Amino acid sequence: MVRLIIEFILAVVLAVAITLAAVWGSEAKRQRKEISTYTTALKAAEEKIEALETQNEELQEKVKHAAHAAPHWGYAGEMNPAKWGEAFPTCGTGKAQAPLDIKGPFEKSDVTLKVDYKMGPLKVLNNGHTIQVNVDPGSKLIAGDKSYNLLQFHFHRPSEELIDGKPAAMVAHFVHKSDEGNLAVIGVLINEGKENALLKQIWKHAPTKEGPEVTVPDARIDPKSLMPLKMNFYSYEGSLTTPPCTEGVRFFILKTPATLTKEQVEQFPFKLNARPVQPQNGRKITEG
Ligand SMILES: [Zn+2]
């Protein structure tokens, strides 16, 4: 009898043990499954974080780029000169904008122009709007009792300034800055005619596509070789003729033009890069 009871108890214990083992087994299986689900989710989350980090890096790169690049503008299309004011307010609301249609009557100017330009290396760039030649320090413009340093000169086709309503084939703008920060521009109108040696040299090295400044090895230029001997001029107070159209720029448009050949005009990589003439708004044009 005792043995029977013991056997019964053993059987019960065994049954309980088997049941418990089964329950624990399925619990462990359930937990393993859960862990595997979590692991998969964790992996997916990690991949997502990595993708977001890459996206963030790309965005930061874009922001950096946008901060450096000015808003896009041009001479045709969506951001043509009539629209510049939308992104650059002075271009639209300024009352002393350039260029002007130069016509009389003129007041006499008591200013005499003298340029003291130096030979220097040829540093040329295509900035997407024009061909520009950067000039090393040392070249000066003396206008009356004021002195300016030549920074660069660049070209427009056709000329931005009109003389009695008519443009020249091109114009060269020599941009100067005084030590006080005032800007003065000499405009040399260029008509079709004889070949110009300096332009030939510049055109040869001018990049046809937008890009950084190129220093041409062994090439030296004298910016004065584009200037006429006679420095008679028309003068007015204007602005930069490109955005942001900042005002306070003194213009001297020389009466004696330079020349270049028809082929040289056609070689210039911009077909049209001239801002239309602006309202005079009572500004005086002087001559000297
Ligand atoms: Zn210009």
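Everything numeric in this text was worked out from a predicted model, so none of it was measured.

S.K.: Help me out: how do you make sense of the overall build of the protein in this one?
M.R.: Within the protein, the secondary structure is distributed over 5 helices and 15 strands. For the protein, the share of sequence-separated contacts (at least 6 apart) that also reach a separation of at least 24 residues comes to 68%. In the structure as shown, the protein presents an accessible area of about 17,500 Å², 59% of it carried by carbon and sulfur atoms.

S.K.: What exactly am I supposed to notice about the pattern of salt bridges here?
M.R.: A pair can form between side chains of opposite charge whenever their charged atoms are brought close. Scanning the entire structure with this criterion turns up 7 salt bridges. Two residues, Lys-200 and Glu-195, come together in a salt bridge whose shortest N-O distance is 3.8 Å. Across the pair Glu-287 and Lys-255 runs a salt bridge whose closest N-O atoms are separated by 2.5 Å. Here Glu-287 is found in strand β15 (residues 286-287), whereas its partner Lys-255 is found in the loop between β13 (247-254) and β14 (258-260), with 32 residues between them in sequence.

S.K.: Any chance you could explain the pairing of β13 here in plain terms?
M.R.: Along any regular strand the residues' side chains alternate between the sheet's two faces. Pairing geometry for strand β10 (residues 183-192) and β13, over 5 bridges, is parallel. Residue pairing across strands places Val-185 opposite Phe-251, the latter belonging to β13. Direction of pairing for strand β12 (residues 233-239) relative to β13: antiparallel, over a ladder of 7 bridges. Across the sheet, the residue bridging to Gly-238 is Val-249, located in β13.

S.K.: In this structure, what is going on with the state of the cysteines? I would like to understand it.
M.R.: What makes a disulfide is a covalent bond joining the sulfur atoms belonging to two cysteines. A full pass over the atoms with the stated rule returns 1 disulfide. At a sulfur-sulfur separation of 2.1 Å, the disulfide partner of Cys-91 is Cys-245. Because the sign of the S-S torsion sets the handedness, a value of about 90° for the bond joining Cys-91 and Cys-245 places this disulfide among the right-handed ones. Placement of Cys-91 in helix α3 (residues 89-93) and of Cys-245 in the loop between β12 and β13 is noted, with a sequence separation of 154 residues between them. In this structure Cys-245 comes out as buried when scored by relative accessible area, which is 0%.

S.K.: It is not clear to me how the packing of aromatic side chains should be interpreted in this structure. Could you clarify?
M.R.: Two measures describe an aromatic ring pair: the distance that separates the ring centres and the angle between the ring planes. Counted according to the given criterion, the structure contains 13 aromatic pairs. Centre to centre, the rings of Phe-233 and Phe-252 are 5.2 Å apart; their planes meet at 90°, and the pair counts as edge-to-face. Pair noted here: Phe-233 is in strand β12 and Phe-252 is in strand β13, with a separation of 19 residues, a long-range link. Looking at Phe-233, the relative accessible area reads 1%, which means it is buried. Among the aromatic residues, ring-to-ring pairing joins Tyr-117, Phe-153, Phe-155, Phe-174, Trp-203, Phe-268 and Phe-270 into one connected group.

S.K.: How do you make sense of the nonpolar core when you look at a structure like this?
M.R.: In summary, soluble globular proteins display a tendency toward joint burial of nonpolar side chains. Of all hydrophobic cores here, the largest spans 40 residues; its most connected members are Phe-155, Phe-174, Ile-186, Ile-202 and Leu-226. If sequence neighbours within four positions are ignored, Phe-155 has contacts with Thr-130, Ile-131, Met-170, Val-171, Ala-172, Ile-190, Leu-199, Ile-202, Trp-203, Leu-226, Phe-268 and Asn-273. Membership of the second largest hydrophobic core comes to 15 residues, among which are Ile-102, Val-185, Leu-189 and Tyr-236.

S.K.: Help me understand the coordination of the zinc ion in this model?
M.R.: Metal coordination angles have textbook ideals: 109.5 degrees for a tetrahedral set of four donors and 90 or 180 degrees for an octahedral set of six. Taken together, His-154 (NE2), His-156 (NE2) and His-173 (ND1) make up the full set of protein donors to the zinc ion, lying 2.0 to 2.1 Å away. Donor residues for the zinc ion sit on one chain with the sequence pattern H-x1-H-x16-H. Linking His-156 in strand β7 (residues 146-156) with His-173 in strand β9 (residues 170-177), this pair joins segments that are 17 residues apart in sequence. Each member of the pair, His-156 together with His-173, is buried.

S.K.: Help me out: how do you make sense of the environment of Val-265 in this one?
M.R.: Mapped onto the elements, Val-265 comes out in helix α5 (residues 262-267). Val-265 has contacts with Arg-157, Ala-169, Met-170, Glu-192 and Leu-260, leaving out every residue within four places of it along the chain.

S.K.: How should the environment of Gly-248 be read in this particular structure?
M.R.: Inspection of the secondary structure puts Gly-248 in strand β13. Taking the relative accessible area as the measure of exposure, Gly-248 reaches 38% and is therefore partly exposed. Put simply, Gly-248 and Asn-182 are 66 residues apart on the chain and 7.3 Å apart in space, counted from C-alpha to C-alpha. Apart from residues lying up to four places away in sequence, Gly-248 is in contact with Leu-183, Glu-237 and Gly-238.

Calculation criteria
Residues numbered from 1 in each chain as written. Predicted model: local features only at pLDDT ≥ 70, side-chain atom pairs only at ≥ 80, totals over all residues. Heavy atoms only, no water. Helix = DSSP H or I, 4+ residues; strand = E, 2+ residues; numbered from the N terminus. Contact = heavy atoms within 4.5 Å. Areas by Shrake-Rupley, 256 points an atom, 1.4 Å probe, with all protein chains shown as cover. Salt bridge = Lys/Arg side-chain N within 4 Å of Asp/Glu carboxyl O. Pairing = 2+ DSSP bridges. Disulfide = S-S within 2.5 Å. Buried < 20%, exposed > 50% of the residue type's maximum accessible area, 1.4 Å probe, protein only. Phe/Tyr/Trp six-rings, centres within 6.5 Å; stacked < 30°, edge-to-face > 60°. Core = buried A, V, L, I, M, F, W, Y, C linked by side-chain atoms within 4.5 Å. Donors = N, O, S within 2.8 Å, 3.2 Å for Na, K, Ca; no water.

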